[in-house]
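This is what each chain is made of:
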Number of protein chains: 2
Amino acid sequence: MRAAVFNEPGLPLELTDREVSTPQAGELFIRLKAAALNRRDYWITQGMYPGLKSDVIQGSDGAGIVEAVGSTEDADWLGKEVIINPGLNWGEDQEVQSTGFHILGMPQDGTFAQAISVPVENVFLKPSHLDWQEASALPLAGVTAFRAVTRGQVTAHDTVLITGIGGGVATMALKFCVALGAKVLVTSSSPEKIEKAVELGATAGFLYSEAGWEKRVSREYGPVSLILDGAGGPGYFGLLQLAAPGGRVVNYGATAGAPDKLDLFKVFWKQLRLIGTTMGSSVDFQNMLACVEEFQIVPSVDTTFSLETVNQALQHMQSASQFGKIVLAVE
Amino acid sequence: MRAAVFNEPGLPLELTDREVSTPQAGELFIRLKAAALNRRDYWITQGMYPGLKSDVIQGSDGAGIVEAVGSTEDADWLGKEVIINPGLNWGEDQEVQSTGFHILGMPQDGTFAQAISVPVENVFLKPSHLDWQEASALPLAGVTAFRAVTRGQVTAHDTVLITGIGGGVATMALKFCVALGAKVLVTSSSPEKIEKAVELGATAGFLYSEAGWEKRVSREYGPVSLILDGAGGPGYFGLLQLAAPGGRVVNYGATAGAPDKLDLFKVFWKQLRLIGTTMGSSVDFQNMLACVEEFQIVPSVDTTFSLETVNQALQHMQSASQFGKIVLAVE
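Summarised in this report is the structure supplied together with it. (Residues numbered from 1 in each chain as written. Chains lettered and ligands numbered in written order. Predicted model: local features only at pLDDT ≥ 70, side-chain atom pairs only at ≥ 80, totals over all residues. Heavy atoms only, no water.)

If you tally the helices and strands in chain A, you get ten helices and 18 strands. Against the 2.2 N^0.38 benchmark of 20 Å for 331 residues, chain A shows a C-alpha radius of gyration of 20 Å, consistent with a compact globule. Taking the principal axes of the C-alpha coordinates as reference, chain A spans close to 60 × 40 × 35 Å. Of all 331 residues assigned to chain A, the portion counted as buried reaches 58%. Sequence-distant contacts, at least 24 apart, represent 71% of the contacts inside chain A between residues at least 6 apart. Charge separation in chain A, taken as the distance between the mean sites of 24 positive and 36 negative side-chain charges, equals 9 Å. (Helix = DSSP H or I, 4+ residues; strand = E, 2+ residues; numbered from the N terminus. Rg over C-alpha atoms; globule rule 2.2 N^0.38 Å. Buried < 20%, exposed > 50% of the residue type's maximum accessible area, 1.4 Å probe, protein only. Contact = heavy atoms within 4.5 Å. Lys, Arg positive; Asp, Glu negative; His and termini not counted. Charge placed at Lys NZ, Arg CZ, Asp CG, Glu CD.)

Set out below in structure tokens:
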């Protein structure tokens, strides 16, 4: 089968032929129809990810058809259209992943290939309202966004600010928050992305490149009770100022780096909760799927590349111009 | 009546004679038996508190006997031994105080006096197992510690690290956590304070002046699921390292200043919750009292001064050598 393999940092992924794996007991063999990129894939190519190994098939997100089973008791899965939860060994504690937790694509072979074998407990029926590309766009961004929204305890009473709209997680979070009835505001450096977010149900957006935007948010749209942020960095200080007293600030990433200051006086006087979250457990994944089904949520797909042009897809990710997920169609 | 009045920063409080107030409708007039100091009182004398006004009687904590009522329907209170919740206008939202919230002693006359009139809803029966000085030591430290413990959701399964033991809030938090069955570890710069904490039920203590103490904590006592911190400052970074994955770090103050860095990567990867809290609502105060009654908790009183020697008491607070509360006996 064809596969996109990481060998060493800085180089493009190698498109190569690999032996098709045989599913072990408890595994399902899935003929992949689509895979999706995550920022992690780009970081790996840049050597900016812990525990790198060479000769590993990249990719965490995938959707396809079950073609073989490792255990006869899983025969019911044969022919089923499925998506894959890329998280392995989360562990029992819903609060936090175990030290053995990892996701497909490093150090274990991933989804940028024509097929993959994964444990049956990581396989879920594809929501029927999604096509292959939309389905492949769902897993990692969906579970990360859903867990962030859950840990932030979003309700219809919340005004939620989602930073960096256009990113896969931010865009899924927008859809979950809108579905749950919250008022959603977004930030971006791009007026076009803000426009798209408003089409998807956001009330308004702010260009974070404009000085003083934080003050306009509450003035124009009232107190912001929940912030979902994947950036951190120098802008984090302004988020704590912007957050309403008693508010929550959920972080699922720090693409802009670690903030160089924490105004703890603000944190305790405003009784804020700063909540870290990353990816999600199998329970989160199932709850995410239930929410996607209930509200017929469709992940935003920005562009679709072929598996053979995965390196162009990674370059497109680097440009940060996308709105939603970058997908690989697999044939 | 005699009263200790703030006039301007940097000067000692003025001991002076004041007219005894008449309780307004809905107020109770309390002949004070004891008052207690809080760090806030010291900060006010140093001009380090917002909204300073001159000619204000200092002090937030007090206990005494109801001697007059402003409304006849409150006549049942006459002769009752009571303590005072110093928080006024918290508001309806349990998550956070309203903007009108303030506490006795600034800008409103406080408890460093022979008597005070306060709204009846701020008055509670003195727990009968406490003497006057212990009772006066309870309100602000007690409610702050109890809310911190509540927001940290402490249970008997937690290993709790309480920083800066000896402080009024930290010491009350120790007692609440021990009562609730948690394993408690403490930090201090003083071996004597650690020894006292162990006498009160702490499992062990660490001198935070010793380099690398953070690493010893988990090695010797297992993962720390909850940290209660009132210091912030440069040590905050180490607390986030020390916290167990999935743990909570509750801050009720930042006496050591704002941390100059926030390792958000740690926060999201370890799925930490950083929770700010300050003082407490009337509901918190009632729940705190119920806990004090149930477990027969007695606040630690470090030393007792007379009202006339309040400035010596403030100097003693400045030395930071105390374990528990500094109290004023009032005659």
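Read on for the rest.
Here the focus is unusual backbone geometry. Residue and element names in this part refer to chain A. Of note, the bond from M106 into P107 is cis; its omega dihedral lies within 30 degrees of zero at 5°. Within the fold, P107 resides in the loop between β8 (102–103) and β9 (115–119). Of note in this structure, D55 is not a glycine but carries a positive phi near 60°. Within the secondary structure layout, D55 lies in the loop between α1 (39–45) and β4 (56–57). Classification of D55 by relative accessible area gives partly exposed; the value is 46%.

Attention now moves to empty space enclosed by the protein. If a probe the size of a water molecule is rolled over the atoms, the empty space left behind becomes visible. Under the criterion given, the structure shown has two cavities of 30 Å³ or more. Taken as a whole, the largest cavity holds about 40 Å³ of empty space. Forming the boundary of the largest cavity are A137, A141, G168, T171, M172, P299, S300, G324 and K325 of chain B. Ranked by the residues each element gives to the lining of the largest cavity, the list is headed by helix α4 (residues 168–179) of chain B, at three residues. Here the residues of the lining of the largest cavity are counted per class, giving four nonpolar, four polar and one charged. Split by domain, the residues of the lining of the largest cavity number at least three in each of domain 1 (2–138 + 299–329) and domain 2 (143–276) of chain B. Counted as a void, the second largest cavity has a volume near 30 Å³. As for the second largest cavity, its lining consists of A137, G168, T171, M172, P299, S300, G324 and K325 of chain A. Ranked by the residues each element gives to the lining of the second largest cavity, the list is headed by helix α4 (residues 168–179) of chain A, at three residues. Of the residues belonging to the lining of the second largest cavity, the class tally is three nonpolar, four polar and one charged. Formed jointly, the lining of the second largest cavity draws a minimum of three residues from each of two domains, domain 1 (2–138 + 299–329) and domain 2 (143–276) of chain A. (1 Å grid on protein atoms, 1.4 Å probe; cavity = no way out; pocket = protein on both sides within 12 Å on 5 of 7 lines; lining within 4 Å. Points joined across faces, edges and corners; volume = space filled by probe spheres on them. Nonpolar A, V, L, I, M, F, W, Y, C, P; charged D, E, K, R; others polar. Domains from an automatic or database assignment.)

Residue and element names in this part refer to chain A. Here helix α3 (residues 139–151) spans 18 Å end to end across 13 residues, near enough to the 18 Å set by a 1.5 Å rise per residue. Of all 13 residues in α3, twelve are buried, a share of seventy percent or more. Buried residues of α3: P139, L140, A141, G142, V143, T144, A145, F146, R147, A148, V149 and R151, and no others. Of the residues flanking the end of α3, it is Q153, one or two places downstream, whose phi is positive at about 50°. (Expected span 1.5 Å × (residues − 1).)

A separate point is the pattern of salt bridges. Residues and elements named next belong to chain B. Per the stated rule, a full pass over the model turns up 28 salt bridges over all chains. With its nearest N and O atoms 3.9 Å apart, the salt bridge here joins K325 to D61. Here the residue K325 occupies a position in strand β18 (residues 325–329), and D61 occupies one in strand β5 (residues 61–69), the gap between them amounting to 264 residues. Given the relative accessible area of 0%, D61 is considered buried. (Salt bridge = Lys/Arg side-chain N within 4 Å of Asp/Glu carboxyl O.)

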